[in-house]
Amino acid sequence: MDDHTKNTVQKLPLLSIRAGPRDKDKWNERLQEELNALIRYVQVNKEQDNDWFYIDCDETGVLWNGKCWYYLENVRYEFELTFEIPVSYPTTPPELVLPELQGKTAKMYRGGKICQTVHFQPLWLRNVPRFGIAHCLALSLGPWLAAEVPEMVGRGVLTSFAR
């Protein structure tokens, strides 16, 4: 993990409530912690001039949609982002999906789910229930975009995503 990412993650609040979508009242408490951590992450990113995603959830806090983007050589590459909080959350991290990129890189599973197994999932498992959605974005999606977008741009498969 690079120093910038490490410093950013250290500024995020750790979560304490071990609850998933099926846990009713506890889930609402967990969801409040999640939203507070996401708000803090957005603030930290704006302070560092590193705004790179927008997400919103349904009223249950289970379905999330938004956009993420990555700048390379002064070109913005923007992608749809979606994920669902798994039933076994927070033991299981959400599977982040970039549906428009399905089939464009080997580091992606069917349906456009980004590969998180090798680097991110062991880290997540060591930090249950302290990590949440903000940590998942910072430690999984951000590094994935940094590694994969330049490679896909080099192969010429992202021209339609350039803004």
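Keep in mind that what you see is a predicted model, and the values were worked out from it rather than measured.

(A) Region of the structure containing unusual backbone geometry. In this model, Tyr 89 is joined to Pro 90 through a cis peptide bond whose omega is 5 degrees. Along the chain, Pro 90 falls in the loop between strand 3 (75–84) and strand 4 (108–109). Here the residue pair Val 128 and Pro 129 is connected by a cis peptide bond, since its omega of 0 degrees sits within 30 degrees of zero. Relative to the assigned elements, Pro 129 resides in the loop between helix 3 (120–126) and helix 4 (133–155). Of note, the phi angle at Asp 49 is positive, near 50 degrees, even though the residue is not glycine. Structurally, the position occupied by Asp 49 is in the loop between helix 2 (25–47) and strand 1 (53–57). Notably, Asn 74 is not glycine yet its phi reads approximately 65 degrees, a positive angle. Of the residues examined, Asn 74 reaches a relative accessible area of 81% and is grouped as exposed.

(B) Broad picture of the pairing of strand 2 (residues 63–72). As paired elements, strand 1 and strand 2 share five bridges and run antiparallel to each other. Pairing of Asp 56 across the sheet is with Asn 65, part of strand 2. The loop that links strand 1 with its antiparallel partner strand 2 comprises five residues; one of these, Gly 61, has a positive phi angle of about 75 degrees. Taking the residues that link successive antiparallel strands as the turn, the strand 2-strand 3 hairpin has two residues, and the phi of Glu 73 there is positive, at about 50 degrees.

(C) Representation of the pattern of salt bridges within the structure. Inspection of every chain in the model, using the stated rule, returns nine salt bridges. Residues Lys 67 and Glu 78 are paired through a salt bridge, measuring 3.8 Å at the closest nitrogen-oxygen approach. Remark: Glu 78 occurs in strand 3 and Lys 67 occurs in strand 2; sequence separation between them is eleven residues. Judged by its relative accessible area of 28%, Lys 67 is partly exposed.

(D) A look at the packing of helix 2 against helix 4. At a minimum axis distance of 7 Å, the contact between helix 2 and helix 4 shows a crossing angle of 40 degrees. Taken together, the axes of helix 2 and helix 4 lie oblique to each other. Facing helix 2, whose interface residues are Glu 34, Ala 37, Leu 38 and Tyr 41, helix 4 presents Ile 133, Ala 134, Leu 137 and Ala 138. In the contact of helix 2 with helix 4, the residues fall into seven nonpolar, no polar and one charged.

Thresholds, definitions, all that
- Residues numbered from 1 in each chain as written.
- Predicted model: local features only at pLDDT ≥ 70, side-chain atom pairs only at ≥ 80, totals over all residues.
- Heavy atoms only, no water.
- Helix = DSSP H or I, 4+ residues; strand = E, 2+ residues; numbered from the N terminus.
- Buried < 20%, exposed > 50% of the residue type's maximum accessible area, 1.4 Å probe, protein only.
- Pairing = 2+ DSSP bridges.
- Salt bridge = Lys/Arg side-chain N within 4 Å of Asp/Glu carboxyl O.
- Axes fitted to C-alpha atoms, helices over the stretch in contact; angles between N-to-C directions.
- Parallel < 35°, antiparallel > 145°, perpendicular 65-115°, else oblique.
- Contact = heavy atoms within 4.5 Å.
- Nonpolar A, V, L, I, M, F, W, Y, C, P; charged D, E, K, R; others polar.

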